[in-house]
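Geometric and topological summary
Listed below, chain by chain, are the residues.
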Amino acid sequence: MAEREPVIGIDLGTTNSVVATVQSGAPLVIRGRSGSNLMPSVIALARSGKLLVGQIAKRQAITNPTDTVYASKRLIGRKFSSQQMQEALKGLPYVIEPGEHDDIKVKLGDKQYSLPELSGLVLRELKLDAEAHFGRTVKKAIITVPAYFNDGQRQATKDAGRIAGLEVLRIINEPTAAALAYGFGKNINGKIAVFDLGGGTFDISVMEIGNGVFDVIATGGDTFLGGEDFDNAVIEWLAADFEKEHGITLKKDRMALQRLKDAAEKAKIELSTARETQVNLPFISTPTGGGSALHLQKTLTRDKLEQLTATLVERTITLCEQVLTEAKVKPVDLREMILVGGMTRMPRVQESVKAYFRRDPCKGVHPEEVVALGAAVQAEALTNEASDVVLLDVTPQSLGVAIAGGYVRRLIPKNTTVPTSVTEVFNTSRDNQTTVKIMVLQGESDVAHQNELLGEFILTGLRLAKRGEVEIDVIFDINSEGLVSVAARDRETGQQQSIQVTASGGLTQDELKKILEDQADLMLEARVEEEVKTKRLELKSLMNEVGELMPQLQQATQGSEFGQDALGKALKALEQARLAGESAELKKVTDSIDTLTRTVSLFRGVLQRIGR
Amino acid sequence: MAVEEKVDLDDVRKEEILALDAKVASNNLFEFLGVPSGASADEVRAAFREASRKFHPDKYFGKNLGSFRGKLDRIFKRLVEANQTLSDPEKREVYLAANPFVRAAARATTNTNAAFKPEARTETEEARDSERRQRLARHPYLAKATKVQEYLSKAKEHVGRQEYSQAVTHLNNAAQIDPLHAEVKAMMIEVRKGADLVRSESSFKHALEALNRGDEELALQALKTAVNANPLNFKAAHKTSMLLERRGDAREAASFALKAVEAAPRNVEFRVHLARLLGEAGMKAMAKKHFDEAVRIDPDHPEVKKHGKKLWPF
Ligand SMILES: Nc1ncnc2c1ncn2[C@@H]1O[C@H](COP(=O)(O)OP(=O)(O)OP(=O)(O)O)[C@@H](O)[C@H]1O
Ligand SMILES: [Mg+2]
């Protein structure tokens, strides 16, 4: 069986991550080794010094709040000094420190981790899940990001993939992935909207589907609007009440904060089905002056929850209005409305969406799994010739440069189909000027500093000439992944100009290289171990296959001498394989794989000839 | 390069890519999208989607496309630009203003259809328009806006007469007043393109004059500028290549000969010249491909006959 190399799609979520693939022509979620389709995006450093990822990390969060990282996607590719970050930091039980170039580092034990490294751990775990599923190494993957992610956040996510040892074929947008999965195998023509409210981010996209072309018309969102914010609203309410009653600020106590968070999310989820629920946190605090421990006990009703989170829900609808206007589409023009993300299970969210779009959302789309399924569909489309799917995605935010007076000149407006590029001419403004500095910005404000600074580019080595005489073409390019690059050339001479890039926020090229190198050292050992592991998986699936074929062969050969002989040999090979599997010696395992592969092809050959 | 290049594409697709790539630099976006001049926004968008099915780079993910990769990229980005420009009323208007010839063609086509077209402007559109005018009138920067409009219309006049450098001056003035003005900015791009074409032509003329005076150094510089300003100026590319060859720089001569062939793929003389240069540089296989292509285009061409003997032994 000459199988194609497996490719996977990964939804790297704020709260949960999912890995999927296309198998026998249909997308399916790969169940993790822990037995669940969703893997919590949680990383922890256990007391033993071991790094834990997923369910096991989430389970120990309450007892280990400072060394448990959740919702790291909210930090990836951001700058430490940004307003939003400073706000967010206040509510986190784990420790954040500034990196060397305004990036963010998380402190676990006595080591600092960059965000791409942490997300890399989550991706690595999913990669291993996929390898367990396929029984062989998996390298190629598509990873999804919120449509509203900017260049820095996308770049950092891609770095995370590389750190996890993945070849990231493509970064694609979550709502677009959802639409792909929804449209898979159906012949759909018309406009749809995807409303994705997840754990950390909100995206709304309007697209038109026709003849296999998925054409995104407009997209919008907020990378700081999701389930986390709903939880925080509940935490605030619980903590404020407790403070009023006992004069104690619970949020200062990291352990208490982690328990509050846990309880808040649980209550929120329960209220999607129940009308009210109890929040019960015994021994949440011990008064400093001594005295008996305090308990937190409160009833939260659905009405109260809705009241606490009303502004959040309203904000999603405002963004919907905005995007539909940009798309020049009215709710009635839509053929379908797709709900994505765990938060869309909240009744209030569903009601508001229904009221605004004046229709019932599409049934039969699994809100937590659909994004990964779509990523798998696109991975398949890219690597499989026969595919008829074309994705026309857009850049979610405008790209521009800073100009005199602190303003922005917009070069590529938002909702432009990618890949795209634009050439802008820059002049020297002084005689014999040899460098020009260009600040590249992403965002919608006309005022430069209210946009996200993607990087500063310095054109160097310009030829000597009078002011204004040197004209430089600067080519800004946004690729299919929404990643920005810049090139420059002298208009007169056609000569390429060198560009110096100052990274901000994300990892620099050198840092990434260093991480990968450090890892390579560590991995030399690990790799052999890893290889044995995957080979053993391969061996196991071969053993199963032989086991399944044996009774068929026995029946087919009806006790003939040849059959007896072949079966006897197969039994011996299986026994050997079992021993090889236990030995964990690479050579023995690969030898056994060879023997069993031959056995399988022999059996299949015989069965085929006999016509079964 | 051309059809004979060995890549993961069938010949039909190669031809399509070559044909469209040759139009990338043309100013008529309607033609580029393959729709009638003046086609509606919906028609434009539909044509763009259809073209994406063939020319989206993702359709060829991981394939070996050789020189076709760059062409495909260029084509798709131009398709995006065409779609973005023509399906947005404001951008379309700016584009048409900057390209009077396209506007004239668009008028001609839409007028013939006028009888079948329902009243294009609805009442709400009229209302919205007048509201926009009123809003503008209330704007504190009205004075500024008027000034910008003046410069703009002057610039447009010059564009109409293909006087691009004057147009640039006016647009620069306008940009000084209002650096964020979308129309000024868009027009600047169009005008620069026009200016490049004009510059390419005039550099070419200077080059010929310099050659007559025997100043090869200056001629070469002017020729390179001409090719640079407009890569589709095949005359300049060919001339540069000839001059370089004469001066003994065979390698660079070949690279300009290639540019000439890329700009004018069906010109037999250019091809034979390229084949000869390649052959002399020892790149026999490539030389043969180009010569074969020349024969395919026109077996009776005098250049083919003339060099046929010398080039046949490949
Ligand atoms: N039944 C429910 N009712 C309300 N909220 C729920 C329910 N189930 C899950 N959630 C919330 O949904 C969020 C997780 O959704 P999901 O798994 O779609 O997010 P994610 O993909 O990890 O995040 P993102 O897409 O923003 O990166 C969490 O905040 C969780 O509390
Ligand atoms: Mg999600």
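Residues numbered from 1 in each chain as written. Chains lettered and ligands numbered in written order. Predicted model: local features only at pLDDT ≥ 70, side-chain atom pairs only at ≥ 80, totals over all residues. Heavy atoms only, no water.

Structural notes on the pattern of salt bridges
Residues and elements named next belong to chain A. Formally: Each reported salt bridge corresponds to a side-chain nitrogen of Lys or Arg within 4 Å of a carboxyl oxygen of Asp or Glu. Secondary structure elements follow DSSP: runs of H or I no shorter than four residues count as helices, runs of E no shorter than two count as strands, and numbering proceeds from the N terminus. Categorising residues by exposure relies on relative accessible area from a 1.4 Å probe, with only protein chains included: less than 20% of the type maximum marks a residue as buried, more than 50% marks it as exposed, and the intermediate range marks it as partly exposed.
As enumerated under the stated definition, the model contains 62 salt bridges over all chains in all. Here Arg 345 and Glu 368 are joined by a salt bridge, their closest N and O atoms 2.5 Å apart. Pair noted here: Arg 345 is in the loop between β18 (336-340) and α10 (347-357) and Glu 368 is in the loop between α10 and α11 (370-383), with a separation of 23 residues, a long-range link. Classification of Glu 368 as buried rests on a relative accessible area of 18%. With a shortest N-O distance of 3.1 Å, Arg 410 and Asp 446 are connected by a salt bridge. One end of the pair, Arg 410, is in strand β22 (residues 407-412); the other, Asp 446, is in the loop between β25 (436-442) and β26 (452-460), with 36 residues separating them in the sequence.

Re the site of ligand 1
All names here are of chain A. What counts, and what does not: The cutoff for a nearby residue is simple: one of its non-hydrogen atoms must lie within 4 Å of the molecule or strand. We call two N or O atoms a polar contact when they sit within 3.5 Å, provided that within protein one can donate a hydrogen and the other can accept it, with sequence-adjacent residues counted only if both atoms are side-chain atoms. Accessible areas in this description were obtained via Shrake-Rupley with a 1.4 Å probe; residue shielding takes into account the shown protein chains only. Side-chain classes are defined by residue name, with Ala, Val, Leu, Ile, Met, Phe, Trp, Tyr, Cys and Pro counting as nonpolar, Asp, Glu, Lys and Arg as charged, and the others, Gly among them, as polar. Segmentation of the chain into domains, including their bounds, is taken from an automatic or database domain assignment.
Residues in contact with ligand 1 amount to 20 residues; listed here are only the nearest, Thr 14, Thr 15, Lys 73, Lys 268 and Ser 272. The contact in question runs from a nitrogen atom of ligand 1 to an N or O atom on the side chain of Ser 272, over 2.6 Å. A distance of 2.8 Å separates an oxygen atom of ligand 1 from a polar atom in the backbone of Gly 342. For ligand 1, whose accessible area on its own is 650 Å², the fraction buried by protein is 93%. With 3 residues, the top contributor of residues to the shell around ligand 1 is helix α7 (residues 254-270). Residue composition of the shell around ligand 1, by class: 2 nonpolar, 12 polar and 6 charged. No fewer than three residues from each of domain 1 (7-225 + 313-392) and domain 2 (227-310) sit in the shell around ligand 1.

As for the nonpolar core
Residues and elements named next belong to chain A. Applicable threshold: To form a nonpolar core, buried Ala, Val, Leu, Ile, Met, Phe, Trp, Tyr and Cys residues must be joined to one another through side-chain atoms within 4.5 Å. Contacts between residues were defined by any pair of non-hydrogen atoms, one from each residue, lying within 4.5 Å.
By size, the foremost hydrophobic cluster in this structure holds 50 residues, and its most contacted members are Phe 195, Leu 296 and Phe 357. If you tally residues by element for this core, the top one is helix α9 (residues 310-327), at 8 residues. If you count residues domain by domain, this core takes at least three from each of domain 1 (7-225 + 313-392) and domain 2 (227-310). Setting aside its immediate chain neighbours within four residues, Phe 357 contacts Ala 193, Ile 204, Cys 320, Leu 324, Pro 331, Leu 334 and Met 337. One finds Leu 52, Leu 75, Ile 104 and Ala 160 within the second-largest nonpolar core, a separate group that totals 49 residues.

Regarding empty space enclosed by the protein
Residues and elements named next belong to chain A. To keep it simple, the criterion reads: Grid points spaced at 1 Å over the protein atoms alone were grouped into cavities, where a 1.4 Å probe fits but cannot get out, and pockets, open sets with protein on both sides within 12 Å along at least five of seven lines, with lining residues defined by an atom within 4 Å of a point. Grid points are joined across faces, edges and corners, and a volume is the space filled by probe spheres set on the points.
A full pass over the atoms with the stated rule returns 5 cavities of 30 Å³ or more. Considering only enclosed or pocket space, the largest cavity measures out at about 130 Å³ in volume. Looking at the largest cavity, it is lined by 18 residues, and the ones nearest its centre are Leu 391, Asp 393, Val 418, Ser 480 and Glu 481. Broken down by secondary-structure element, the contributors of at least two residues to the lining of the largest cavity are β12 (167-173) and β20 (394-395). Among the elements that take part in the lining of the largest cavity, β12 stands out by supplying 4 residues, more than any other. Counted by class, the lining of the largest cavity contains 7 nonpolar, 6 polar and 5 charged residues. In terms of lining, the second largest cavity is formed by 15 residues, of which the most central are Leu 12, Gly 13, Ser 72, Lys 73 and Ser 119. Listed by contribution, the elements that provide at least two residues to the lining of the second largest cavity are α3 (115-134) and β11 (140-145). Across the lining of the second largest cavity, the residue classes tally to 7 nonpolar, 7 polar and 1 charged.

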